[in-house]
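Descriptive analysis of the structure
One-letter residues, chain by chain:
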Amino acid sequence: MALRAAEWCKLPTSLTELCINTTLRCGQSFRWRKSEDDTWTCAMHGRILSLRQDAEALHYRALFPEKQKPALPTPPPSTAAAAAAAAAAGDDDDTLAFLNHYFNLAPNLGQLYEQWAASDANFKRRAPKFTGIRILRQDAWEALIGFICSSNNNISRISGMVHNLCLHYGPLIGHMDGTPYHDFPTPEALCKPRVEEHLRELGFGYRAKYIAKTARIVAEEKGGLPWLHALTNPEYPQFGVEPAPAGELLQGGREGYRRAHDELLALQGVGPKVADCVCLFGLGWLESVPVDTHVWQIAQRDYRFGKGKHSSLTAATYVAIGNLFRKLWGKEAGWAHSVLFTADLKAFAERTVAKTEVKEEEEEVEIKTEGDDVVVETFIKQEITKRKRVKTEPEPDENQHQLVQVSERATRRSKRQRA
DNA sequence: TTTCGACCTCACGA
DNA sequence: ATCGTGAGGTCGA
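Calculation notes
Residues numbered from 1 in each chain as written. Chains lettered and ligands numbered in written order. Predicted model: local features only at pLDDT ≥ 70, side-chain atom pairs only at ≥ 80, totals over all residues. Heavy atoms only, no water. UniProt positions renumbered as here; feature names shortened; annotations may be inferred. Near = heavy atom within 4 Å. Polar contact = N/O pair within 3.5 Å; in protein donor to acceptor, adjacent residues only side chain to side chain. Buried < 20%, exposed > 50% of the residue type's maximum accessible area, 1.4 Å probe, protein only. Helix = DSSP H or I, 4+ residues; strand = E, 2+ residues; numbered from the N terminus. Pairing = 2+ DSSP bridges. Expected span 1.5 Å × (residues − 1). Contact = heavy atoms within 4.5 Å. Axes fitted to C-alpha atoms, helices over the stretch in contact; angles between N-to-C directions. Parallel < 35°, antiparallel > 145°, perpendicular 65-115°, else oblique. Nonpolar A, V, L, I, M, F, W, Y, C, P; charged D, E, K, R; others polar. Salt bridge = Lys/Arg side-chain N within 4 Å of Asp/Glu carboxyl O. 1 Å grid on protein atoms, 1.4 Å probe; cavity = no way out; pocket = protein on both sides within 12 Å on 5 of 7 lines; lining within 4 Å. Points joined across faces, edges and corners; volume = space filled by probe spheres on them.

Under an unreviewed UniProt entry, the name given to chain A is DNA-(apurinic or apyrimidinic site) lyase, and the source organism is Epicoccum nigrum. Per UniProt, the comment on chain A under Sequence similarities (unreviewed entry) is "Belongs to the type-1 OGG1 family." UniProt's Subcellular location (unreviewed entry) comment on chain A is quoted here verbatim: "Nucleus".

Spelled out as structure tokens, the structure:
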């Protein structure tokens, strides 16, 4: 399939406002691929998108499938060439607008980080090495299936599964350097007979059934994607839709968020965590806080969960963690939470806090529950934080297949009891 | 309401 | 070398 040629274009931005190398690797999306020359590529929105970033700008290029030749008399060569040039130059090219939408570039990220840091010492301590992380505005259906794949799974395997889904069931957008690029499959495509069996052969395990069933529920019972898209935060709409007010933030999130979360739970393979991922990454409900094993670790280590009433990750504890984070960070709690989540990912371990023993003044938060309300108290911790270097091991970088020295931080912060 | 197993697969450590 | 474990959980009892 021939693709219209395209030029590289520039979208000026700083690495603190957007860092694609972190944003595209932090586990919110599973389809972007990085090549040896640091170019990220993915097929979406009817085109093959390529991205590169340097200190000044995001460089982007879109390759479109050649349009079907109309059954009309062909225009004279000169006119045809001019039309092709115009199309390639951007007359019908909304790539810039799409990128602004997809990367969610309107909010000032520096300000948001400052705001989160001001209300939470732990964020202030961890975030500086993880700037430029943005919550992508992904397609909700893609997010839904992607996160159904995520249960009991790791990012690299999830990516492989999603890749296989596109390869076998997604529409072919075109080829680049001999490689086919497929967009994400529709619900209808995943309703075809024997999908479950096929996905099991492809190594999806028990998720094969979840995907097949969820596709059928969405396509046949719910009437298709409009049902899913109607759950989108109206304040934070899909591409090409005008924003509308979304109501006020309650402890448990806005009403629209709670409704979306509830509706999603009716699907197969969708529990509270996956539903929250879809709300956050696909439906624009940024107060959504998906609590997975990492976040549960963080909640125990840095926010004093794991004791008393919240000694295990029950449904009640799950809600309490979300409520605390919303109280701490406000309407975009899920965004702030994603920064801390990323800071804890093994793939980014080389960036975690210094391994040498450091004397620092730390602030901790004390969580209390009073009735249904969560109370946060912060206080200064003066002790030296002991950091022990446990092991140094080579670990292959998922994308570059190069060995990097990774040392795991094995700190147990002393659990000082409040006097 | 909370608590268990079971569930696919795969890579890693003991 | 085999076995256990954990990886961004969910389901059913």
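After presenting the structure, the write-up continues.
In the neighbourhood of DNA strand B, 11 residues make up the surrounding shell, with R157, R200, Y206, R207 and T314 lying closest. Within 4 Å of the protein, the contacting atoms of DNA strand B are 59% sugar and phosphate, with bases supplying the remainder. In the model, a sugar or linking oxygen of DNA strand B is placed 3.1 Å from a nitrogen or oxygen of the Y206 main chain. Here a base oxygen of DNA strand B sits 2.7 Å away from a polar atom, N or O, in the side chain of R207.

The subject of this paragraph is the pairing of strand β4 (residues 40–44). Along a regular strand, successive side chains alternate from one face of the sheet to the other. With respect to burial, β4 is a largely interior element, 5 of its 5 residues being buried. Along β4, one buried face is formed by W40, C42 and M44 and the opposite face, lined by T41 and A43, is buried too. Here strand β3 (residues 33–34) runs beside β4; their pairing, made up of 2 bridges, is antiparallel. Looking at the pairing, K34 lines up with W40 of β4. Count of turn residues in the β3/β4 antiparallel hairpin: 5 residues, of which D38 carries a positive phi of about 60°.

A rise of 1.5 Å per residue sets the reference length of helix α9 (residues 207–221), with its 15 residues, at 21 Å; its end C-alpha atoms lie 20 Å apart and thus fit the reference within 8%. Turning to α9, its buried residues number three or more, namely R207, A208, I211, A212, T214, A215, I217, V218 and A219. Its buried side turned inward, α9 meets α6 (140–148), α7 (155–169), α8 (195–201) and α10 (225–229). Following α9 by one or two positions, G223 adopts a phi angle in the positive range, close to 85°.

Attention shifts here to the UniProt feature "domain: HhH-GPD" (unreviewed entry) in chain A. UniProt marks residues 149–345 with the feature "domain: HhH-GPD" (unreviewed entry), using the numbering shown here. Between the C-alpha atoms that bound residues 149–345 there is a distance of 18 Å. The span itself is 50% helix and 5% strand.

At their nearest, the axes of helix α13 (residues 293–303) and helix α15 (residues 333–343) sit 10 Å apart, and the two run at 90° to each other. On the basis of the axis angle, α13 is roughly perpendicular to α15. In this structure, α13 uses H294, V295, I298 and Y303 to contact α15, whose residues at the interface are H337, L340 and F341. In terms of residue class, the contact of α13 with α15 is built from 5 nonpolar, 2 polar and no charged.

Before going further, it helps to spend a moment on the pattern of salt bridges. In this structure the tally under the stated criterion is 15 salt bridges. In this structure, the salt-bridge partner of E17 is R134, at a minimum N-O distance of 2.8 Å. Residue E17 is found in the loop between β2 (9–12) and α1 (20–23), and its partner R134 is found in the loop between α5 (121–126) and α6; the two are separated by 117 residues along the sequence. For the pair E17 and R134, a shared accessibility class is recorded, and that class is buried.

What the rule picks out here adds up to 2 cavities of 30 Å³ or more. The computed volume of the second largest cavity comes to approximately 40 Å³. Lining the second largest cavity are Q28, S29, F30, Q138, E142, A143, G146, F147 and V162. Counting residues per element, the lining of the second largest cavity draws most heavily on α6, at 4 residues. Its residues assigned to classes, the lining of the second largest cavity shows 4 nonpolar, 4 polar and 1 charged.

Turning to the protein's contact with DNA strand C, a few remarks are in order. If you check the shell around DNA strand C, you find 26 residues, and the closest are G27, N152, V274, T293 and F341. Backbone atoms, meaning sugar plus phosphate, form 57% of the atoms of DNA strand C positioned within 4 Å of the protein. The contact in question runs from a base nitrogen of DNA strand C to an N or O atom on the side chain of N152, over 2.7 Å. One of the side-chain N or O atoms of D292 is found 2.9 Å from a base nitrogen in DNA strand C. Looking at the surface near DNA strand C, the elements that each hand over two or more residues are α12 (272–281) and α13. Considering each element in turn, the surface near DNA strand C owes the most residues, 5 residues, to α12.

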